[in-house]
Amino acid sequence: MFKDIQKKLLLKYPLLWNTKFVPMLIIGLIYHIIYFILGYAEGSIDFTGKTYDPDNEVAINFFGFLLSLIIIILWIVYYLRNNSFKALYKKSKNALFYEWLQIFIISYIFISFALPFYLGKQLRERSYYSYEETQKRCETISLSDVFIDGSFAETERDSIKQEDYIAENEDENEYYEYDNEEYNRNGYHYFYKDHLYYKGKKYNKNSLINRQIDDFDIINYERKIQLKEQIKNWLHTNNKVAVKNLMNDFLKIYKEHQLETNLDLNKWFSITYKAPDFTEFSYITAYDFREDDRENQNYYDYSKKNYRRHTNGEKYSKYFFQYDILKEKYNKVSNAHVDPLFEYNAVLAFLYGALAFSLLLFSFKTTSGKSWLIALIVFGVLNIIIGIGSISIRSLSNYTIDETITYLSICLLFILFFIGYYIINTHIQKNKKFTEIALILSTWTFSMVIPFIYFIILEHYHDTYIYNESGTNTRTELYDTLKDFIPYMFLINFIISIIALFLFSRSIRTWKGLPEN
């Protein structure tokens, strides 16, 4: 089939024939479909936890990388057999750009095989429940953790105890700065009250009313605050009906997935709901504590059990839920609904990967192999020299000059020199001599001009601070804006690079026709 396609292309579209674009496009699409199917299979979830969930991402993607590498190498071998540009065949003004564009598309297809894999995986994980149903179930599971093994929230800071501690240890800690935020954040002198007040009533810090609800990405911050207030209000007002309904909804989800427990609704309610103070409740283990023998464990690592048993394990009752399994599985579904189908930074990284590879191949196709290798050596040696020079300049300046800014600035000057040298010799002096290395290096580096300028400015403002009324120094707002804009800068730079390459490819055609002297 491919031979027949290539014969027709040779007669009608020689450029497509030369790049093997159509066969590679067909192979690439099949490749993507296969990886989408693999990703869809990888996204299957066993909610019972009795079998392994697929965990073959690293192996699958590594195999995909090797296969892509083999296909690209074979393609390059066939592609480089014919070079109409070097053979001085008649070519249109835009032929070189179209040829690069085909190289770029082929490169992107075989570099980005991971995108359909993760798309398939995410769609499979989303397919179990709709967004609304997932959110509803996650809210039920999150609230139910209050009556299972939820953590306790911090109470108010006890400033009196804290000040007393500082006074008692004043001599020993006279060199410490107690108002230092970073030091205090470690909790060396933090003391908390053993109680809290909710709607005017005093509760012990270990009361259920002070328990946290669990986290799921599908539950945003505002909704989580509402749910925490809701469960607190149920307990405070002794709303047994609402709590029982919550427990019943949780057990429906739990039994649907055939998870094991030694509790039913009535027992669970009776051992945890201890109004009005909610302090005498039973601690329920959030895993199947019967799986104590590691040889009998089927999937999960219950190492946290040992931690609990050695600390406050004596507080835990004989009752258990396989809550850890349930949460992990619903975390996958929750994350699948919240995460974008295509990660912006990943797509951008693949675009730049394909751009870099296509420019390397394009420069090899338009120049000689000898010059290409010389340019590669020059590129490497220059980077080493500039790197050592940047460090030396920083040392000689007593570390007042930033080595990153120095490195980027010198690199930028070299890039502009190569581009300027090529343009002057090609379009002003119209002399081809000694320009081939400059052409290759310009092809490799022209797309770095905008990012280098951008990062020089960013690094400059990195150490620029402003003094606030609170007495602290913070970086300028411009620095934060520039930092947040980095992904969009790369996208704009990519678009500008394509436009520049369109003009640059026409310039290469002119350069090819110039005399050597």
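Fair warning: this is a prediction, and the values are worked out from it, not measured in the lab.

(A) Spotlight on the nonpolar core. Counting 49 residues, the largest nonpolar core has F147, F250, W268, F321 and Y330 as its most contacted members. Elements represented by at least two residues in this core include exactly helix 7 (131-144), strand 1 (195-198), helix 10 (221-236), helix 11 (240-256), helix 12 (265-272), strand 3 (283-285), strand 4 (316-320) and helix 14 (323-338). If one sorts the elements of this core by residue count, helix 11 sits on top with eight residues. Apart from residues lying up to four places away in sequence, W268 is in contact with S144, F147, I148, M247, F250, L251, L263, I284 and F321. Among the nonpolar cores identified, the runner-up in size contains 34 residues, and L408, C411, V449 and I498 belong to it.

(B) Structural detail: unusual backbone geometry. With an omega dihedral of 0°, the bond running from A275 to P276 counts as a cis peptide bond. Tracing the chain through its elements places P276 in the loop between helix 12 and strand 3. Even without being glycine, K199 reaches a positive phi, approximately 50°. Following the sequence through the fold, K199 ends up in the loop between strand 1 and strand 2 (201-204). Even without glycine at this site, F278 takes up a positive phi of about 60°. Topologically, F278 is positioned in the loop between helix 12 and strand 3. The exposure class assigned to F278 is buried, which follows from its relative accessible area of 0%.

(C) Representation of empty space enclosed by the protein within the structure. Overall, the coordinates contain one cavity of 30 Å³ or more when judged by the stated rule. Empty space within the largest cavity amounts to approximately 40 Å³. Looking at the largest cavity, the residues that line it are A153, I209, N210, R211, Q212, K228, I231 and K232.

(D) Local environment of helix 7. The terminal C-alpha atoms of helix 7 lie 20 Å apart, and with 14 residues this matches the ideal 20 Å at 1.5 Å per residue to within 8%. Taken as a whole, helix 7 has its buried residues at T134, R137, C138, E139, T140, I141, S142, L143 and S144. Where helix 7 is buried, its residues contact helix 10, helix 11, helix 12 and helix 14.

(E) Representation of the packing of aromatic side chains. This structure, assessed with the given rule, holds 42 aromatic pairs. Each ring, one from Y129 and one from Y330, has its centre 5.9 Å from the other, and the planes form 15°; the classification is stacked. Within this pair, whereas Y129 is found in the loop between helix 6 (114-126) and helix 7, its partner Y330 is found in helix 14, the two being separated by 201 residues in sequence. According to the relative accessible area criterion, Y330 is buried, its value standing at 0%. Centre to centre, the rings of F269 and Y273 are 4.7 Å apart; their planes meet at 15°, and the pair counts as stacked. By the ring-pair criterion, three or more aromatic residues cluster together here, those being F97, Y98, W100, F104, Y108, Y352, Y454, F455, F490, F494 and F502. Over the ring of F269 we find K244; its NZ or CZ atom is 5.0 Å from the centre of that ring.

(F) Structural detail: the packing of helix 15 (residues 344-366) against helix 18 (residues 436-445). As a packed pair, helix 15 and helix 18 sit with axes 9 Å apart at the nearest point and diverge in direction by 165°. One finds that helix 15 runs roughly antiparallel with respect to helix 18. In the packing of helix 15 onto helix 18, the handedness of the crossing is right-handed. Residues L359, L360, F362 and S363 of helix 15 form the contact with helix 18, whose own contacting residues are I440, T443 and W444. A breakdown of the residues in the contact of helix 15 with helix 18 according to their chemical character gives five nonpolar, two polar and no charged.

(G) Focus on the pattern of salt bridges. As enumerated under the stated definition, the model contains nine salt bridges in all. Residue R137 is joined to E256 by a salt bridge in which the shortest nitrogen-to-oxygen separation is 2.9 Å. Of this pair, R137 sits in helix 7 while E256 is found in helix 11, placing the two residues 119 residues apart along the sequence. For R137, a relative accessible area of 11% translates into the label buried. Among the ionic pairs, K224 bridges to D215, the shortest N-O distance being 2.1 Å. Residue D215 is classed as partly exposed on the basis of its relative accessible area of 43%. Each of the salt bridges in this network shares a partner with another, and the network as a whole consists of E133, R137 and E256.

(H) Main features of a nonpolar patch on the surface. A surface patch of nonpolar side chains, about 760 Å² in accessible area, is lined by Y344, I450, F485, Y488, L491, I492, I495, I496 and I499. In terms of residue count, the dominant contributor to the nonpolar patch is helix 21 (residues 486-512) (six residues). Looking at where I496 falls in the secondary structure, it is placed in helix 21. When its relative accessible area of 39% is taken as the criterion, I496 is described as partly exposed.

(I) Structural view of the confidence of the model for the protein chain. Scored by pLDDT, the protein chain comes out at a mean of 83, with 81% of its residues at no less than 70. Scored below 50 in pLDDT, residues 292-313 makes 38 contacts in the model with residues more than four places away or belonging to other chains.

(J) Main features of the environment of L361. Within the fold, L361 resides in helix 15. Look at L361 and you get buried, because its relative accessible area is 6%. Separated by 285 residues in sequence, L361 and I76 have C-alpha atoms that sit 8.6 Å apart. Residues in contact with L361, not counting those within four places in the same chain, are W75, I76, Y79, L80 and I103.

The rules we used
Residues numbered from 1 in each chain as written. Predicted model: local features only at pLDDT ≥ 70, side-chain atom pairs only at ≥ 80, totals over all residues. Heavy atoms only, no water. Core = buried A, V, L, I, M, F, W, Y, C linked by side-chain atoms within 4.5 Å. Buried < 20%, exposed > 50% of the residue type's maximum accessible area, 1.4 Å probe, protein only. Helix = DSSP H or I, 4+ residues; strand = E, 2+ residues; numbered from the N terminus. Contact = heavy atoms within 4.5 Å. 1 Å grid on protein atoms, 1.4 Å probe; cavity = no way out; pocket = protein on both sides within 12 Å on 5 of 7 lines; lining within 4 Å. Points joined across faces, edges and corners; volume = space filled by probe spheres on them. Expected span 1.5 Å × (residues − 1). Phe/Tyr/Trp six-rings, centres within 6.5 Å; stacked < 30°, edge-to-face > 60°. Lys NZ or Arg CZ within 6 Å of the ring centre and 35° of its normal. Axes fitted to C-alpha atoms, helices over the stretch in contact; angles between N-to-C directions. Parallel < 35°, antiparallel > 145°, perpendicular 65-115°, else oblique. Left-handed = near helix turned anticlockwise from the far one by under 90°. Nonpolar A, V, L, I, M, F, W, Y, C, P; charged D, E, K, R; others polar. Salt bridge = Lys/Arg side-chain N within 4 Å of Asp/Glu carboxyl O. Patch = residues over 30% accessible without salt bridge, like charges linked within 9 Å, V, L, I, M, F, W, Y side chains within 5 Å. Areas by Shrake-Rupley, 256 points an atom, 1.4 Å probe, with all protein chains shown as cover. pLDDT = per-residue confidence, 0-100.

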